Amino acid sequence: MYTEFYGLLVLIIFSVILSAVISGASYILGDKQPDREKVSAYECGFDPFGAPGRPFSIRFFLIGILFLIFDLEISFIFPWCVVYNQISPFGYWTMILFLVILTLGLVYEWLKGGLEWE
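The name that an unreviewed UniProt entry assigns to the chain is NADH-ubiquinone oxidoreductase chain 3, with the source organism given as Nematostella sp. JVK-2006. Here the chain is described in UniProt, under the heading Function (unreviewed entry), as follows: "Core subunit of the mitochondrial membrane respiratory chain NADH dehydrogenase (Complex I) which catalyzes electron transfer from NADH through the respiratory chain, using ubiquinone as an electron acceptor. Essential for the catalytic activity of complex I." According to the UniProt record, the Sequence similarities (unreviewed entry) comment for the chain is "Belongs to the complex I subunit 3 family."

Right, dumping it as structure tokens:
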């Protein structure tokens, strides 16, 4: 009756077993003695152990937000590409308008220096 779902069941079982094996191997083979370099702050833009009232650069957070904005466009472009030959001209031009607005936003940020780190 549900023979078409056996492949899906096998895939789920395989992925659960593979995840368990990889997680177990990571736990068993992982380094349990963290050194100073491993527990130090890295790639966070500022030292979190400094004085709490000390001002810090907001540039890292601005770049992170811009990355999220321009990275999330992929979640709109991918489905559009999948059904590209099935959509109406309205859907096509709506997506083109979205991409134009996104490109104009990127150009604006670039010209204003929002992507410069220093």
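So much for the structure itself; the text now carries on.
**Student:** What is the right way to read the overall build of the chain from this model?
**Tutor:** Within the chain one finds 4 helices and 0 strands. Listing each helix as α and each strand as β along the chain from the N terminus yields α-α-α-α. Counting over 118 residues, the chain shows a buried share of 7%. Within the chain, counting contacts between residues at least 6 apart in sequence, those at least 24 apart form 46% of the total. As displayed, the chain offers around 10,600 Å² of accessible surface, 71% of which is attributable to carbon and sulfur atoms.

**Student:** So what exactly am I meant to see when it comes to the packing of aromatic side chains here?
**Tutor:** Aromatic ring pairs are reported here in terms of the distance separating the ring centres and the angle at which the planes meet. Enumeration according to the criterion identifies 5 aromatic pairs in this entry. When the ring of tryptophan 80 is compared with that of tyrosine 84, the centres are 5.7 Å apart and the planes differ by 85°; the resulting orientation is edge-to-face. Taking the relative accessible area as the measure of exposure, tyrosine 84 reaches 45% and is therefore partly exposed. Here tyrosine 84 and tyrosine 92 contribute two aromatic rings whose centre-to-centre distance is 6.0 Å and whose plane-to-plane angle is 65°, an arrangement assigned as edge-to-face. A network of ring pairs unites the aromatic residues Trp80, Tyr84, Tyr92 and Trp93 as a single cluster.

**Student:** It is not clear to me how helix α3 (residues 59-82) should be interpreted in this structure. Could you clarify?
**Tutor:** Since the α-helix packs 3.6 residues into each turn, any two residues three or four apart lie on the same face. Under the 1.5 Å per step criterion, the end-to-end length of α3 is 36 Å for 24 residues, consistent within 8% with the ideal 34 Å. Looking at the packing, one finds that the buried side of α3 touches α4 (89-112).

**Student:** Would you mind showing me how to read the environment of leucine 102 here?
**Tutor:** Within the secondary structure layout, leucine 102 lies in helix α4. Its relative accessible area of 14% is what places leucine 102 among the buried residues. A sequence separation of 32 residues divides leucine 102 from phenylalanine 70, and the C-alpha atoms of the two residues are 7.7 Å apart. Excluding residues within four positions of it along the chain, leucine 102 makes contact with Phe70 and Glu73.

**Student:** What exactly am I supposed to notice about the side chain of glutamate 73 here?
**Tutor:** Examined against the element boundaries, glutamate 73 turns out to sit in helix α3. Once you skip the residues sitting within four places of it in the chain, glutamate 73 turns out to touch Phe98, Leu99 and Leu102.

Reading guide: rules and limits
Residues numbered from 1 in each chain as written. Predicted model: local features only at pLDDT ≥ 70, side-chain atom pairs only at ≥ 80, totals over all residues. Heavy atoms only, no water. UniProt positions renumbered as here; feature names shortened; annotations may be inferred. Helix = DSSP H or I, 4+ residues; strand = E, 2+ residues; numbered from the N terminus. Buried < 20%, exposed > 50% of the residue type's maximum accessible area, 1.4 Å probe, protein only. Contact = heavy atoms within 4.5 Å. Areas by Shrake-Rupley, 256 points an atom, 1.4 Å probe, with all protein chains shown as cover. Phe/Tyr/Trp six-rings, centres within 6.5 Å; stacked < 30°, edge-to-face > 60°. Expected span 1.5 Å × (residues − 1).

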